[in-house]
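Remarks on the overall topology
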Amino acid sequence: MSEELLRVEAISKAFGGVQVLQDVSLLLRSGEVLALVGANGAGKSTLIKVICGAYAADKGTIFIDGQQQNYRNVREAVAAGVSVAHQNNMTISRLTGAQNIELGREPTRFGLIDKRELRRRAEALWRVFDVNIDINAECGDLGPGEQKIVDILKALATDPRILILDEPTATLTLGESKRLFAFIDQLRTKNIGVIFISHHLQEVLDHCDSVVVLKDGRLVHQGVVDNNLTREDIVQMMIGRSVVQEKRASSAVAGETVVSVENLKVGSLHVNRFEAARGEVVGIAGLIGAGQTEFLQCLAGARRPSQAGSVELFAKPGLPKTVGDAVLDGIYSVPADRIHTAIFGALTVEENLSTASLSGLSSKGFISSRTARARAGELISALAIKCAGQDQKVQELSGGNQQKVSFARWLSRPGLSQDSLRNQIFLLDNPTEGVDVGAKAEFYDLIGRLAIRGGTVIVTSAEFTELIAICDRIYCISNSTLSDHFPAVEMTEETLLLKTN
Amino acid sequence: MKENAIKVPINWMDFATRYGTVFAALVIFVVFSIFSPRFLSANNLSNVLVQISALTVVASALTVAVVSGEFDLSVGQVAGLSSMLVAGLLVFNNQPVVVAIPLSILAGLVIGIVNGFLVTNLRIPSLIATLGMGPIALGINYAYSGGDSIYAQMPDAFYYLSTGRIFGFFPVPVLLAIIVVIAVHTLINKTRYGRATVATGTNIVAARLSGINVNRCRQIALVISATGASAAGVMLTARLGTGQPGAGEPYLMDALTAVFIGMTCFRPGRASVEGTIIGVIIIGMLDNGLNLLGAPFYLQNIVRGVVMIAAVALAVLRGEIRFF
């Protein structure tokens, strides 16, 4: 493990005047596992896309084996030996593992797919990498970890020298991750260079040889992973300051219970017991897809549970039947997946802000555009939404500002401009996804203020450190069951990870 | 120019995107004025306005459906049905005008309710639900009329809808069209319902999660669309003076084309009544102008198809609209 395999030199890339990568250089040796870390928006995915040929860099050069590369698209990059297993599961559930692995390059005989040859090739690959999964089963029947391995085998089927794994462990359980790392060790012995992207820094320390840290499009660190390197070091480099996560001053006087759920089932999730009080920020920690989104949707009136159990919201039994009913009861949700479920991209900032308070902004069915614009103006300044004006399309704003708009929609409702939020519940599903560090801090602040004013906030997050920082109590989803809760002060990221795995 | 950095330059690209279609309409107007001396006469222009007034009503109402994110492909047959109904009620049933007109429009309204039910309650995509509703309306039409035209004289009061003049000069059908346009414009842009419908048509999931009753929005939009088509059918019969079972059919193509042309101007990618009117005017001028120039009849069909495809291509290119 010494030969230079991939050298990236002084790559720069800008999108519409925003410098996403600036003079980034890195070195990958054969048989090395290189971690690429950085906060959201640091430029990791852009760098990966440049290396795998999806984007052309504005400046800079890529060398493989010392040879300068000029590939212009993904296919040429694959031919040069670069392959990527993307973050999302790309397997097709109705096809078998073998069929997935050979997808798009099936061997043919007389113009028809040669099934036997296809299986032979897939099995050859499977044998080389000594994977313990049934590649003749349909992918839909495999677990997420197994699907991920199929995905990686698919990337390996092109016989790459350089394999890029984009957050492979994001959706895996602890056990599945372990298998994946055993597999990565196999790759190491085959002299394949691996670029490994992960948000779980412990994985980086445990399994990678070296680490590259990106911050705001610049490379801030490349070095080996050894005992002297700690997670705190990496975080500090990622953020540029040390983060003693500021703990929100607990609202201390959590008032009476306003949300009480028992024995509710939705999808595979069983909510054994869940409670939240006035002035409290309650977190729900679980792996992505554990059912927290669906649970919040039930509370928001956007989904029916498969078993309603017994629910009381503001001492009123039963779940709201529609989102409209929920809103009338003072239950507001900010859904995850902002682009598809929360914002109206093609509409203006003002139109987005007024969608949830149309009745308050109109009389006799007619909207008062003066009131609507005034209210929008207040919200834009109150939440410091950065936009060119009320008439700018929301899809032109940055992720953080879009999220502010989708959140501010509820604050636009007349009752909420008052000081007291005593009878309001906010359901925030992964609210800081794709939001930069600065805007995140503003969100934490905002969530804290909602609670101080007597509101109840129920929040999920893919980042457990975030939950620890902003919540009073955290419920954990383990084995598809939501029941145990813990004071946030007693939790660390590790304990949460263990409890949810 | 750099000293003057504060001054915001006119963004010509943006300007062209917004007003290119209006400019195209002007070009068509000028070209026909030059090549056909009769085109520009007051008589002809007034004629064009009268001719497009019924189309304006269908297209404006259809715009509401498109704004809500739905298609209504039954408008042509619904217009045809109402046009036959009103003729039949007046001639066969000897009903007075004040009964015949509301009853025929009611038929369209009922079809709109059924369309809405199919789309929201049965969750059939509007494209398919209304595509199926078209032949059903045509079938009812034939069942009622036996497939024959109605040539008998209708009451004079009825013809007022097409030949009447307000203050002795302003054509009644044009006034009706203007009233519908203003009403639809107000509905979409000034009312709570309109705003909720725009939101529904832009991102239905986000609208639902904002507490908007998206099904009601879509239902009402489809009712408006069908009702507008019916009203146009009545206006059509008044203009033709006879009941023709197939007379409403071309409205589907023309109204859709007008809406699509409309999506290329003012706020590209968004359906709007202002835009639809530009579309109606372009279609009306092309029809009339090509006629005056003695263009062969088949050319009109080809031009229609080309204009529609071009409009959609432009709308897709400029705005971020998706169909289906």
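Throughout this description, residue numbers start from 1 for each chain and increase along the sequence as written. Just so you know, chain letters begin at A and ligand numbers begin at 1, following the order they were written in. The predicted nature of this model means local features are confined to residues of pLDDT at least 70 and side-chain atom pairs, given and counted, to a pLDDT of 80 or more, with totals for whole chains, interfaces and linings taken over all residues. For side-chain calculations, the full set of non-hydrogen atoms in the structure is used, while hydrogens and water are omitted.

**Here we look at the overall build of chain A**
Strands are runs of DSSP state E lasting at least two residues, helices are runs of H or I lasting at least four, and both sets are numbered from the N terminus onward. Of the regular secondary structure elements, chain A holds 17 helices and 24 strands. The globule rule used for comparison is 2.2 Å times the number of residues to the exponent 0.38, while the radius of gyration itself is calculated over C-alpha atoms. Taking 23 Å as the expected radius of gyration for a compact globule of 501 residues, we find that chain A reaches 25 Å, a close match to that expectation. Summarising its shape, the C-alpha atoms of chain A cover approximately 70 × 55 × 50 Å along the three principal directions. In chain A, which comprises 501 residues, the share counted as buried stands at 51%. Every residue pair with non-hydrogen atoms within 4.5 Å of one another is taken to be in contact. Restricting to contacts in chain A with at least 6 residues of sequence separation, those with at least 24 account for 67%. Values of accessible area rely on a 1.4 Å probe in the Shrake-Rupley scheme; residue burial ignores everything except the protein chains shown. In the form shown here, chain A has an accessible surface area of approximately 22,300 Å², with 49% of it arising from carbon and sulfur atoms. Positive charges come from Lys and Arg, negative ones from Asp and Glu, while His and the chain ends are left out of the count. Charge positions are represented by NZ for Lys, CZ for Arg, CG for Asp and CD for Glu. Chain A carries 53 positive and 59 negative side-chain charges, and their two centres are separated by 5 Å. Burial here depends on accessible area, computed with a 1.4 Å probe over protein chains only, as a share of the maximum for the residue type. Under 20% is buried, over 50% is exposed, and the range in between is partly exposed.

**Some words on helix α17 (residues 493–500) of chain A**
Looking at α17(A), one finds that the buried residues are E493(A), L496(A) and T500(A). Down the axis, α17(A) shows its buried residues gathered within 65° of arc, on one side only. Directions are taken from the helix axis to each C-beta atom, and the arc is the one they span.

**Things to note about the domain arrangement of chain A**
For an interface, size is often stated in terms of accessible area lost upon the parts coming together. Residues and elements named next belong to chain A. Source of the domain bounds: an automatic or database domain assignment. Annotation of chain A at the domain level lists domain 1 (4–239) and domain 2 (257–346 + 419–500). Taken residue by residue, the interface counts 9 residues in domain 1 and 11 residues in domain 2. When two components associate, each loses some accessible surface as probed by a 1.4 Å sphere; the sum of these losses over both components is called the buried area. Of the roughly 720 Å² buried between domain 1 and domain 2 on both sides combined, carbon and sulfur atoms contribute 56%. By convention in these notes, a salt bridge is any Lys or Arg side-chain nitrogen within 4 Å of a carboxyl oxygen on Asp or Glu. Joining domain 1 to domain 2, the criterion identifies 0 salt bridges. We define a polar contact as two N or O atoms separated by no more than 3.5 Å, with the added condition that, inside protein, one atom must be a possible hydrogen donor and the other a possible acceptor, whereas residues neighbouring each other in sequence contribute only through side-chain atom pairs. On the surface where domain 1 and domain 2 come into contact, there are 0 residue pairs in polar contact (both at pLDDT 80 or more). Throughout, the ten residues Ala, Val, Leu, Ile, Met, Phe, Trp, Tyr, Cys and Pro are labelled nonpolar, Asp, Glu, Lys and Arg are labelled charged, and all others, Gly among them, are labelled polar. Residues of the side of domain 1 that touches domain 2, tallied by class, amount to 5 nonpolar, 3 polar and 1 charged.

**A few points about a nonpolar patch on the surface**
Residue and element names in this part refer to chain B. Patch definition: residues with relative accessible area over 30% and no salt bridge; like charges joined within 9 Å; nonpolar side chains (Val, Leu, Ile, Met, Phe, Trp, Tyr) joined within 5 Å. Judged by side-chain polarity, F23, L26, V27, V30, V31, I34, F35 and L293 come together as a nonpolar surface patch covering roughly 770 Å² of accessible area. Tracing the backbone through its elements, the reader meets V31 in helix α1 (residues 12–35). You can call V31 partly exposed: its relative accessible area is 34%.

**Quick notes on the pattern of salt bridges**
Applying the stated criterion to the full structure yields 25 salt bridges over all chains. For D287(B), the salt bridge is made with R304(B), and the minimal N-O distance between the two is 2.6 Å. Note that D287(B) is positioned in helix α12 (residues 273–292) and R304(B) in helix α13 (residues 297–318), a separation of 17 residues in sequence. Note on D287(B): relative accessible area 22%, which makes it partly exposed. Here the residues in one salt-bridge network are E102(A), E117(A), R120(A) and R121(A), joined through shared partners.

**Structural notes on the interface of chain B and chain A**
Across the boundary between the two partners, chain B contributes 21 residues, which contact 29 residues of chain A. The contact between chain B and chain A buries some 2,100 Å² in all, and 58% of this surface belongs to carbon and sulfur atoms. When the area that chain B buries against chain A is broken down by residue, the three leading residues are R192(B), R195(B) and L209(B), summing to 34%. Scanning the region where chain B abuts chain A turns up 2 salt bridges. R270(B) is the salt-bridge partner of E351(A), the closest N and O atoms lying 2.8 Å from each other. Applying the counting criterion to the chain B and chain A interface returns 10 residue pairs in polar contact (both at pLDDT 80 or more). Secondary structure elements with two or more residues in the side of chain B that touches chain A: α7 (172–190), α8 (192–202) and α9 (204–209) of chain B. Of all the elements, α8(B) adds the most residues to the side of chain B that touches chain A, at 6 residues. Looking at the side of chain B that touches chain A residue by residue, the class counts come to 8 nonpolar, 6 polar and 7 charged.

**A look at the packing of aromatic side chains**
All names here are of chain A. A pair of aromatic rings is counted whenever rings of Phe, Tyr or Trp (Trp by its six-membered ring) have centres within 6.5 Å, and the orientation is called stacked for planes under 30 degrees apart, edge-to-face for over 60 and tilted otherwise. In the structure shown here, the tally under the stated rule is 15 aromatic pairs over all chains. Both rings, one in Y332 and one in F426, keep their centres 5.5 Å apart while their planes meet at 45°; by these two values the pair is tilted. Here the residue Y332 occupies a position in strand β18 (residues 331–334), and F426 occupies one in strand β21 (residues 425–429), the gap between them amounting to 94 residues. The interplanar angle of 25° and the centroid separation of 6.3 Å between the aromatic rings of F407 and F426 together place this pair among those described as stacked. Of this pair, F407 sits in helix α14 (residues 399–411) while F426 is found in strand β21, placing the two residues 19 residues apart along the sequence. For F407, a relative accessible area of 2% gives the class buried. A connected cluster of aromatic rings, assembled from ring pairs, spans Y332, F407, W410, F426 and F443. The side chain of R7 reaches across the aromatic face of F63, ending 4.6 Å from its centre. Charge-over-ring contacts are defined here by two conditions on Lys NZ or Arg CZ: a distance within 6 Å of the ring centre and an angle within 35 degrees of the ring normal.

**Observations regarding the confidence of the model for chain A**
A score between 0 and 100, pLDDT records how confident the predictor is in each residue. Of all residues in chain A, 93% have pLDDT values of 70 or greater, and the mean over the chain is 84. Highest mean pLDDT in chain A belongs to β21(A) (94); lowest belongs to α17(A) (75).

**Let's talk about the packing of helix α4 (residues 97–121) of chain B against helix α10 (residues 214–240) of chain B**
All names here are of chain B. Here an angle of 0 to 180 degrees is reported between the N-to-C directions of two axes, which are lines fitted to C-alpha atoms, with helices fitted over the stretch in contact. Close contact between α4 and α10 brings their axes to 7 Å; oriented N to C, the two are set at 150°. Comparing their axes, α10 and α4 come out roughly antiparallel. Every pair of crossing elements has a handedness; the one defined by α4 and α10 is right-handed. Considered class by class, the residues forming the contact of α4 with α10 number 12 nonpolar, 11 polar and 1 charged. By the definition adopted for this analysis, an angle is roughly parallel if under 35 degrees, roughly antiparallel if over 145, roughly perpendicular if from 65 to 115, and oblique otherwise. Helix crossings are classified by the rotation of the near helix relative to the far one: an anticlockwise turn of less than a right angle makes the crossing left-handed, while a clockwise turn makes it right-handed.

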